[in-house]
Amino acid sequence: MPDRSGPGSRARVGPPSRRAKVLLLTVGVLAALFLLFVMFAGLWTDWLWFDSVHYGSVFTTQLSAKVGLFAVFGLLMALVVGFNLWLAYRLRPPLAAMSVEQQSLDRYRMGVAPFRKWLLIGLSLVVGVAAGAAAGAQWRTWMLWINGTPFGVKDDQFHKDVSYYAFDLPWYQFVLGFAFSAVLVSLLAATAVHYLYGGLRLQGPGRRASAGAQGHLAVLLGVFVLLKAVAYWLDRYALAVKSESFKKVDGWTGLRYVDANAFLPAKTILFFVAVICALLFFLTPIRRTWAPALIGFGLMALSALLVGGLYPALVQKFQVMPNEQAKETAYIQKNIDATRQAYGIADAVEQQYAPTDSIDADKVKQDAQTITDIRLVDPNVVSPTFQQNQALRNYYAFPKTLDVDRYGDQDTVLGVRELDLSGVQQRNFINDHFKYTHGYGVVSAKGNQVDANGNPVYTEQSLPTTGDLGEYQQRVYYGEKSPLYSVVGPGMDEIDYTRDGQPDQTWKYDGGSGVSLDNPLTRAAYAVKFAEPQIFYSGAIKDGAKILYDRTPKERVEKVAPWLSIDADPYPVVQGGRLVWVLDGYTTSDGYPFSSKTTFGDATKDSMTDQRGRTLTATNQVNYIRNSVKATVDAYTGEVTLYQWDEADPVLKTWMKAFPGTVKAKADIPSTLLPHLRYPQDLFKVQRDLLGQYHITDASAFFNGTDIWDVPVDPTVDTQEVQPPYYLTVRTPDAKEASFSLTTSFVPSGRKNLAAFMTVDADPGEDYGKLRILRLPSGSGALGPELTQAKFNSDSEVAHQLTLLSNNNESGLVYGNLLTLPVGGGILNVEPVYLVARGAKVPALKKVLAVYGTGNVAIGDSLSEALTKVLGGAADGVATPTAPAQPENPGTPTGPTTPTAPGTPEDPDVQKALADAQKAFDEGQEALKNGDWTAYGKAQETLKKAIADAVAAEQKSGGGASPAPSGSPSGSPSGSPSASPTG
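Residues numbered from 1 in each chain as written. Predicted model: local features only at pLDDT ≥ 70, side-chain atom pairs only at ≥ 80, totals over all residues. Heavy atoms only, no water.

Draft legend 1. Summary view of the sheet that holds strand β16 (residues 515-516). Strand order in the open sheet made by the three strands is β13-β17-β16, with antiparallel pairing throughout. Lying at the two open borders of the sheet, with one neighbouring strand each, are β13 (485-488) and β16. Bridging between β16 and strand β17 (residues 546-549) involves two bridges; their strand directions are antiparallel. Bridging across to β17, V515 finds its partner in I547. (Pairing = 2+ DSSP bridges. Helix = DSSP H or I, 4+ residues; strand = E, 2+ residues; numbered from the N terminus.)

As structure tokens, this is what we get:
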């Protein structure tokens, strides 16, 4: 045929040329090498990171567990499936019956024949890899089982140690599930091979299954049914950790009457039925008939329906429902006892507290420390104020929610001045990763004071910071806002901090942390990890350079202790010349028998969750929790240290066996750090969530559900979420003195009056972790937070003053934390009100609202003014702090100033009176500090007399108003600190 090549003709497509083949092969090899290098880069950089933080054993232990499980279970699955494929082929009939079905299968048999061996190996490996990957993910279950530590507590039903349910049963269930998968895959694969080679036939005359196929499949079915028998037996114990909804408890766990008296015997009966059925399947190859096995299987299915389904339903309907309370009481009591024990609330001390509206001055004085330390500075509100006054540079920022700690006897609000790259004007690779690398210092303020302008009274401020915290390493390379990664080293200058009118101060990091980038292979691995090629070739990386990454305290602790759940709120502590982050680590389990389960994320959610962050566990549903570990992360070196806190926790002991040497003893906690450790918020929120119902310890009352409490909605925000707990210094009636505590209130379910007030001692000491509940009588009429807020809002004087305040300043109002406190035998509610100037959006405290009991509402410019209105003369015996006015430059440290009067009193009588007043004031403050109320009262009387003498002497000499003693309220007619004009 002539060649018809031309514009309209089609070109013939032949095999690719040699050059094309080489090119395709090269591309394929390069792609495979790149994928392998990406996998290598992830593994290599992980190892380098763990080695740099001196927790290499955690990496190797995890890796060996994952690889070991992958290899063992992957190989086991591959061998089981491969053996059954091989056996099915060996048991094929020598001759296939001639039929249309077999003739069509001949084509497939012929097609498979050349690749039969490779198909066998390939299918086995694919199934093995999938099974191995699933097994590798169970490394936690494996390590808990192999290292399990007894709890020393047995369940009430089967009398097994709790460790059986927490550590052993999950592993047995995994192995059983793996065995089911292996048998099921083998059964399907063997069936396919038997059909392909004629062992099973759907058409044609004669037997449908050959003797070999029948025996093989019968044995596999027998093994499957035998595994089902094992499952029935394990299901008996699983009833102790079975969860369902019951009596308004969504995660109710444990046996109930129908479980113990119907499901439990049913599981036992079904176990024996399944064993008999399995034996019938095993006898099938011998008897050469399916009939007995199929009849037995049918009876087993019928038994499962009748004994395992219908019978429990009948018991529930005709035995339990007519007399449910009597039938369920014993099982409810088991649930109550186990839940209270598992969540650490069994020792909560509950006492009756009948609040009164009458004011007893002597009782109010007993709570003087509670009143003195009422926190006006709300850490959830004042972050913008810290930002405005103390950030000092655009590239520094404070967290949205500040932290509360104790320094000496002072409740202190703290914020770390961290690096915020969004404030850097020139964003580029060098600035982001080489120049701007760290934050600088901690800013702190007194929790119970504001200055005359409504701003915090800073105890640590400026840049670099100075104040009460002393000397410490202020550079923050590891913090909650730290950049993704930074490159530092001895030959590279970083921007340390800047001062107005001065050149930038520089710094070279010498903290010792980070991974060295001297090796080109390591640089290439990090270039892949961070998808940034410049890491590989940038000339800015000098000899000795190191890369810092995984820099937030939470992610560092989570990596070195992957078996812990970390509290959402790390907090800074200055101790021993270092700034460290403190984190609370929880050990959890969902296998505590009879203990109700709770969704950790839901239980810890409140109105401030979005600002703090959330705490989640691997499963997010737990029924056992302990604050077992206190962890620290050095803000400069990044060093992670884990300390054992709960020395009795068996879950922690188990993990310490699995990862030996990673957790230090409790005795190793530095003495300078110990006073700053506190009871964690997330644990407290889980406990208060449970105590809303599990404060009821009587099973009959629990069943009736007439005394359920709820955590009140936070009325100061519009989220309709519950109130967060508050760190406060407070004294409960059974305590000798006030202590730093975490507090919350409860309201009756469906109502808004106050039902109870709960505290937990937050300071390490003899009473640390002691839960105290003040239970109010149902008819007390005490105001819950929402009713209190409504009372504030509906008061005409409050509305008038707040309207004038906001309108005059063209600004908005923000309500601070609404604090509920037991004071003087009644309930005192206090709420600061902040003014947010339009444009600046910086809140400043301008008013304080207060109400005692159900009495009249008071609004004042200061706490002392508001308390004087609600407590009357009883407030005279209580000192509320006085703060100085802040200077114009908020970056300059401030201290107390001594007020001066117009003119200088030269009269010796005036000077003597003033000296006597100052001495009396100092004596009163010392008596107040020591809790000596008798001496305090005498000092107040002396102070009143001295001030009166000074006024009289000044008038006699013709002078102006006499000055008040240094630190006392100027112009107070009584000299009492309670009359202070500022908060």
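Draft legend 2. Structural context of helix α15 (residues 520-529). Among the residues of α15, T522, R523, A524, A525, Y526 and A527 are the ones counted as buried. Elements in contact with the buried residues of α15: α1 (18-52), β16, α16 (534-537) and β17. Near the N-terminus of α15, the side chain that reaches the backbone nitrogen of L521, with its oxygen 2.8 Å away, is that of N519. Immediately downstream of α15, the backbone of A531 shows phi near 50 degrees, a positive value. (Buried < 20%, exposed > 50% of the residue type's maximum accessible area, 1.4 Å probe, protein only. Contact = heavy atoms within 4.5 Å. Polar contact = N/O pair within 3.5 Å; in protein donor to acceptor, adjacent residues only side chain to side chain.)

Draft legend 3. Quick peek at the sheet that holds strand β5 (residues 403-407). Strand order across the open sheet formed by five strands is β5-β6-β9-β10-β11, with antiparallel pairing between neighbours. Where the open sheet ends on each side, the last strands, each with one partner, are β5 and β11 (466-467). Judged from the five bridges that link them, strand β6 (residues 410-416) and strand β9 (residues 442-450) form a sheet pairing that is antiparallel. Paired with V413 across the two strands is A445, which belongs to β9. This element, helix α13 (residues 383-390), spans β6, β9 and β10 (456-461) of the sheet and lies at about 55 degrees to β10. (Axes fitted to C-alpha atoms, helices over the stretch in contact; angles between N-to-C directions.)

Draft legend 4. Spatial organisation of the packing of aromatic side chains. All chains considered together, the criterion is met by 53 aromatic pairs. Ring geometry for F73 versus F178: centroids 4.9 Å apart, planes at 85 degrees, classification edge-to-face. Here the residue F73 occupies a position in helix α2 (residues 56-90), and F178 occupies one in helix α6 (residues 162-196), the gap between them amounting to 105 residues. Accessibility classification places F73 together with F178 in one group, the buried group. With a centroid separation of 5.8 Å and an interplanar angle of 50 degrees, the aromatic rings of W142 and W145 are classed as tilted. Note that W142 and W145 are positioned in helix α5 (residues 139-146) at a spacing of three residues, about one turn of the helix. (Phe/Tyr/Trp six-rings, centres within 6.5 Å; stacked < 30°, edge-to-face > 60°.)

Draft legend 5. Structural view of α6. Across its 35 residues, α6 extends 51 Å between first and last C-alpha, which sits within 8% of the 51 Å expected from 1.5 Å per residue. The largest bend along α6 reaches roughly 40 degrees and is located at D168, with the proline P170 sitting one to four residues downstream. In the segment just after α6, G198 is the residue with positive phi, at about 85 degrees. (Expected span 1.5 Å × (residues − 1). Bend = angle between axes of the 7 residues up to and from the residue.)

Draft legend 6. Inspection of the nonpolar core at higher detail. If you look at the biggest cluster of nonpolar residues, it comprises 165 residues, and the most contacted ones within it are V487, Y526, I547, W563, L642 and W655. Ignoring any residue separated from it by four or fewer positions in sequence, one finds V487 in contact with H433, F434, M492, L517, I541, A545, K546 and I547. Counting residues in hydrophobic clusters, the runner-up holds 45 residues, among them V381, A391, Y458 and Y834. (Core = buried A, V, L, I, M, F, W, Y, C linked by side-chain atoms within 4.5 Å.)

Draft legend 7. Representation of the side chain of H194 within the structure. In this structure, H194 sits in helix α6. If near-sequence neighbours (up to four positions away) are discounted, H194 is found in contact with A88, L91, G199, L200, G212, A213, H216 and L217.

Draft legend 8. A look at empty space enclosed by the protein. Considering all chains together, one arrives at six cavities of 30 Å³ or more under this definition. Roughly 160 Å³ of internal volume is contained in the largest cavity. Around the largest cavity, the lining comprises 18 residues; the ones closest to its centre are P379, N380, T401, Q681 and P725. Elements supplying a minimum of two residues to the lining of the largest cavity: β5 and β26 (726-730). (1 Å grid on protein atoms, 1.4 Å probe; cavity = no way out; pocket = protein on both sides within 12 Å on 5 of 7 lines; lining within 4 Å. Points joined across faces, edges and corners; volume = space filled by probe spheres on them.)

Draft legend 9. The arrangement of unusual backbone geometry in detail. In this chain, L463 is followed by P464 through a cis amide linkage whose omega measures -10 degrees. Structurally, P464 can be placed in the loop between β10 and β11. Although it is not a glycine, S462 adopts a positive phi angle of roughly 75 degrees. Here S462 is to be found in the loop between β10 and β11. The class for S462 is buried, based on a relative accessible area of 8%. A positive phi angle, near 50 degrees, is found at A531, a position not held by glycine. Position of A531 relative to the elements: it lies in the loop between α15 and α16.

Keep in mind that these numbers describe shape and distance, not what the molecule does.
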